[in-house]
Amino acid sequence: MDVYQEAVRYLESQHVPVVVEAEPDILEEDVFQEEAVSCFLSPLQAENIDFPDTPTSCSLEEMLERRLAVLKGILESEEVYLRELEALLMPMKALRASAGTSQPVLSGRQVQTVFYQVPELRDMHQSFYSGLKARLSTHCQTEPSPSQESKMNHTGFELRVGDLFLKMVNQIGLYGGFIENYEEAVEVVRKCTQSDPRFRTLAESMMLNNSADKTRTKYTFEALLYKPLDRVTKTTLVLRELLKTTPAEHDDYVALQETLRLSRSFLSGVNESSQCKREVMLSHEMRRQLMRDGFVVDVSEGDRSLRHLFLYTDLLLCTRFKHATRGKQDQYRFCWYLPLAGLKLRWVADQEQSSDTHLRLHTVRTKMYLLRQQLQQQGSRGVLLAARSRKKLEQMELMLLTHSPVYRLELHSPSGKSHTLLLSSLYELEEWREAIHKLTTENIETVPPDLLTLTSACVKLRMTQQPPLQSSSAVEDKESLCGTLSVAIHSACGLQQATCVYVCVEVDGYGFYDTQAQTHSSVCSLNPHWDQELSFQVDGAQKLQVLCVSQSDGQDDAVLGKTTLRLESKSLNKRWRRQTLQLGEVELTLSLKFNPHPLEPPSSTAQQHPVFCVPIETVAQQEGVMVPHVVRCCVEEVERRGMDELGIYRISGTTSDISTLKAAFNSNLREAVTRLRSMEVNAVSGVLKLYFRELPEPLIPAELFQSLATALDIQDMNARLVSMLSLLQSCPDTNRHTFLYLMHHLQRVSEKQDINKMSLLNLATVFGPSLLRPPVAGLGHDGPTVDISQEVVVQVQVVFCYLQCNNLPEAQISVAHDTDADDETTHM
């Protein structure tokens, strides 16, 4: 049966209407008619569904010229399709904004239904279009000399695009979600068109600009929703014609064969999925259908195995993938299944890896790095050697994919059966959790499946064709990042209730280096602040995934929102670029900068620089802040639960607790903040005092000691404060702002002196000797020496004088990450 005609008949059976009205300067178009197809898009007949043979009736040069014409036609078609998707997405932002008002045009759920997978389809085709356009532009600028035209290495052989098509078709599963959602999306559009005049006006007059003649075409909303369906049915036709004009000896031939096979498999899976839905009826008139699939790590008795997981409407199916040998089809073997009814989910971050596992993974990463360097050096030379190196790289990526995941998704069935899945990405884990949770909240009965039939159908139903391996790409993407990517997480707002929050950031690319980092957990707040800088060594990075996660005592962590940000080398440079991202209801502000450079081999340890006994300017520079995190975190924790503590800062915590916190801050900020939450508050105040006491140079530079002592002799209080504030301005920026931050905190502590018994003088007595010290004799100091009794008096009185000041300047906590450009708000 003709696949395209079958798709058309299916859509016509859904009674999709055509609404076209003629207006001046607006073209009329019957958008549901089959569009005029280029000469290379011939109908797909059942008898010629196999891979086409290379035609021999024309010369090699003619065949390559036809191939170039086909590619140009595909590029033009992609451009038109992208404009159609952009026209469809045009009202999405406004509709989403109105969903939060008292009179929404569409509800938030309806907006999600109508535009489901459309932004992802747009991004996928935009990436394909950009890559194909760049390749064709480069090729067309290269004119062969007459002596080269007769040689076998015709310039047509240098034009390689197979990897672009393979990459696109590997993401064609996005269309599966769109197709499954299509009927519901159209139903929403129809109902709202009838019930809401505002939406009716929008839905019946969607405008598309035609770049060629600068005219506009009017579409209905339903007509634009139909475009992706129309597009995916033509994919196989286009690939077939491209393969027909590609010589068998061309480097693209094998890749295009695989691309065509995957495309056909997807369309067959869609058809079979429709048949399965008619055959297996569940309760409440629901039908079993595939909702999501992907590769995960299954843990059984301590052993890890890479598995292909399939999420159906009513069950989870775990299978073992067996790759096809030459001439045979891929196969799946049944491992286990769990009904979704009553299924409980829980996710946790796995405990730290053992030293042996860490060493093995470091060895694998180092070998991957060396193989990657070899491949880059070989270039187009040594095709056979490069293929072997790439195969080894894929095998090591698979090993890394199996043994490096640290996020555990625990599944518990009412029958007592439990399974544990491991994932490397918290973003991917949350997508799985959301998809499963959405289905488990619906009251679905499980019809016992025919496991043999269900497992056998996985080959045709699957939306994910292979594990996510970076080395699978045959040609390097020039837009990917290689160097150091820095992400400064500033603050968030929009939380529904006060909670402790941390931000998780993930990057893609080769896994030689750490691809994930997290901020420390904020104090309980509606508007959390971090001002924490995260740094990544990246190779092949193209996207950034950001998640906002809440922490509550006695409860599991919960993802509040997430988003994906595309990384583009042309928009990133060595200057900070500030952005505001929308993560569900949470609005997160961050800054990005990128420094391209050749990468060093991966280090065996990603150890944090110590903070104790290190100059404060060095610590602040490493952290990208004005006030070190150890100071801010301790102050925030004391203000959270220590303001009413009797003798706070005067009574110290136990030596063991303070030593534990000191070691934690020297090795892992996130772990230190976690420990901070559970330690006695006197240990927290004790570690803050210890930090200032162990600074190699006092917070107030020693060379100012004598000048401050002299200023204390000024009898007029106002004149004395002016002199001391002037001296404070001569301090280095980090020292000055940290001192001011501490002074404001101690003033707030003294406001509760009726409860905590810590007056300004008491606090000055505690902190004075740690913050101010006289110069050491014999180290370039020629001034008069001060005896110990006078020294303590000066230390206490200087700090006491600053604490008495009611107009102390505000402290600048973080380094300014702003650039000249305006902030960019990205809604995902």
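Nothing here was measured: the structure is a model prediction, and the numbers come from that model.

## Side note on the sheet that holds strand β7 (residues 331-339)
Across the sheet, 7 strands lie side by side as β7-β6-β5-β4-β10-β9-β8; this open sheet has antiparallel pairing. Strands with a single pairing partner mark the edges of an open sheet, and in this sheet they are β7 and β8 (344-349). When the angles between neighbouring strand axes are averaged without regard to direction, this sheet yields 35°. Looking at chain direction, strand β4 (residues 290-300) and strand β10 (residues 418-423) are connected through 3 bridges and run antiparallel. Within β10, the position partnered with D298 by the bridge is L421. On the sheet, helix α15 (residues 426-440) packs against β4, β5 (303-312), β6 (315-322), β8, β9 (407-412) and β10 and is oriented at approximately 120° with respect to β4.

## Considerations on the environment of Y332
With respect to the helices, strands and loops of the structure, Y332 is situated in strand β7. Overall, the relative accessible area of 6% leaves Y332 in the buried class. Put simply, Y332 and R320 are 12 residues apart on the chain and 5.5 Å apart in space, counted from C-alpha to C-alpha. Apart from residues no more than four positions distant in its own chain, Y332 is found in contact with H308, F310, T319, R320, F321, T455, C458, V459 and R462. Within the structure, the side chain of Y332 is placed 2.8 Å from the side chain of H308, a separation counted as a polar contact.

## What to know about the sheet that holds strand β12 (residues 500-507)
If you walk across this open sheet you meet the 4 strands as β13-β12-β15-β16, and the pairing is antiparallel. Either end of the sheet is taken by a strand with one partner, and the two such strands are β13 (516-518) and β16 (558-566). In this sheet, adjacent strand axes meet at a mean angle of 15° when their direction is disregarded. In the sheet, β12 pairs with strand β15 (residues 543-551) via 8 bridges, with the strands oriented antiparallel. Across the sheet, residue V501 finds its bridge partner in β15, namely S550.

## Observations regarding helix α3 (residues 92-99)
Those residues of α3 lying buried are M92, L95 and S98. The buried residues of α3 occupy an angular sector of 130° when projected down its axis, which confines them to one face. Among the exposed residues of α3, those oriented more than 90 degrees off its buried face are K93, A94 and A97. Elements in contact with the buried residues of α3: α2 (60-89), α4 (108-114), α5 (118-141) and α10 (197-203).

## Focus on the packing of aromatic side chains
Going through the model one piece at a time under the given rule, you end up with 12 aromatic pairs. With a centroid separation of 4.9 Å and an interplanar angle of 70°, the aromatic rings of F128 and F165 are classed as edge-to-face. Here the residue F128 occupies a position in helix α5, and F165 occupies one in helix α8 (residues 162-170), the gap between them amounting to 37 residues. Here F128 matches F165 in class, with each residue buried. With 5.6 Å between their ring centres and 90° between their planes, F612 and Y691 make a pair best called edge-to-face. Of this pair, F612 sits in the loop between β18 (586-596) and α18 (616-623) while Y691 sits in helix α22 (residues 681-693); the two residues are 79 residues apart in sequence, bridging distant segments of the chain. Neither F612 nor Y691 differs from the other in exposure class; each is buried.

## Thoughts on the nonpolar core
With 70 residues, the main nonpolar core has F665, F692, M743 and Y802 as its most contacted residues. Leave out the neighbours within four places in its chain, and F665 touches Q608, V611, F612, V630, C633, C634, A672 and L676. One finds M92, V161, M168 and V169 within the second-largest nonpolar core, a separate group that totals 65 residues.

## Re the packing of helix α19 (residues 629-641) against helix α21 (residues 669-678)
The N-to-C vectors of α19 and α21 enclose an angle of 20°; their axes lie 11 Å apart at closest approach. Taken together, the axes of α19 and α21 lie roughly parallel to each other. The way α19 lies across α21 gives a crossing that is right-handed. Taking contact as the criterion, the partners of H629, C633, C634, E637, R640 and R641 in α19 are, on α21, L669, V673, L676, R677 and S678. By residue class, the composition of the contact of α19 with α21 is 5 nonpolar, 2 polar and 4 charged.

## A look at the confidence of the model for the chain
Mean pLDDT over the chain: 81, with 81% of residues reaching 70 or higher. Here residues 16-56 scores under 50 on pLDDT; set against residues more than four positions off or in separate chains, the count is 86 contacts. Scored below 50 in pLDDT, residues 275-284 makes 21 contacts in the model with residues more than four places away or belonging to other chains.

## Side note on unusual backbone geometry
Located in the positive-phi region is Q117, a residue other than glycine, with phi close to 70°. Turning to its location among the elements, Q117 is positioned in the loop between α4 and α5. In this model, K757 sits at a positive phi of 60°, which is unusual for a non-glycine residue. Tracing the backbone shows K757 in the loop between α26 (753-756) and α27 (760-771).

## Side note on the side chain of E637
Along the polypeptide, E637 turns up in helix α19. Classification of E637 as buried rests on a relative accessible area of 0%. Apart from the residues within four sequence positions on either side, E637 is in contact with G642, L676, R677 and V684.

## What to know about the pairing of β15
Of all 9 residues in β15, 7 are buried, a share of seventy percent or more. Of the strand pairs in this sheet, β15 and β16 are connected by 8 bridges, and their pairing is antiparallel. Paired with L547 across the two strands is K562, which belongs to β16. Linking β15 back to β16 in an antiparallel pair, the connection comprises 6 residues, with G554 at a positive phi of about 80°.

## A short note on the packing of α19 against helix α25 (residues 733-750)
At their nearest, the axes of α19 and α25 sit 11 Å apart, and the two run at 10° to each other. Looking at the two axes, α19 sits roughly parallel to α25. Here V631, R632, V635, E636, V638 and E639 of α19 come into contact with α25, specifically with T738, Y741, H745 and R748. Class assignment for the residues of the contact of α19 with α25 results in 4 nonpolar, 2 polar and 4 charged.

## Looking at the environment of L311
Relative to the assigned elements, L311 resides in strand β5. A C-alpha to C-alpha distance of 8.8 Å links L311 and W432, two positions 121 residues apart in sequence. Not counting residues within four places of it along the chain, the set of residues in contact with L311 comprises Q289, L290, M291, R292, L316, L340, W432, A435, I436 and L439.

## Details of the side chain of H308
Considering the arrangement of structural elements, one finds H308 in strand β5. With a relative accessible area of 0%, H308 lands in the buried category. Of note is the side chain of H308, whose polar atom sits 2.8 Å from the side chain of D293. With sequence-adjacent residues up to four places away left out, H308 is seen in contact with D293, G294, F295, L317, C318, T319, Y332, R462 and T464.

Reading the values: the criteria
Residues numbered from 1 in each chain as written. Predicted model: local features only at pLDDT ≥ 70, side-chain atom pairs only at ≥ 80, totals over all residues. Heavy atoms only, no water. Pairing = 2+ DSSP bridges. Helix = DSSP H or I, 4+ residues; strand = E, 2+ residues; numbered from the N terminus. Axes fitted to C-alpha atoms, helices over the stretch in contact; angles between N-to-C directions. Contact = heavy atoms within 4.5 Å. Buried < 20%, exposed > 50% of the residue type's maximum accessible area, 1.4 Å probe, protein only. Polar contact = N/O pair within 3.5 Å; in protein donor to acceptor, adjacent residues only side chain to side chain. Arc of directions from axis to C-beta. Phe/Tyr/Trp six-rings, centres within 6.5 Å; stacked < 30°, edge-to-face > 60°. Core = buried A, V, L, I, M, F, W, Y, C linked by side-chain atoms within 4.5 Å. Parallel < 35°, antiparallel > 145°, perpendicular 65-115°, else oblique. Left-handed = near helix turned anticlockwise from the far one by under 90°. Nonpolar A, V, L, I, M, F, W, Y, C, P; charged D, E, K, R; others polar. pLDDT = per-residue confidence, 0-100.

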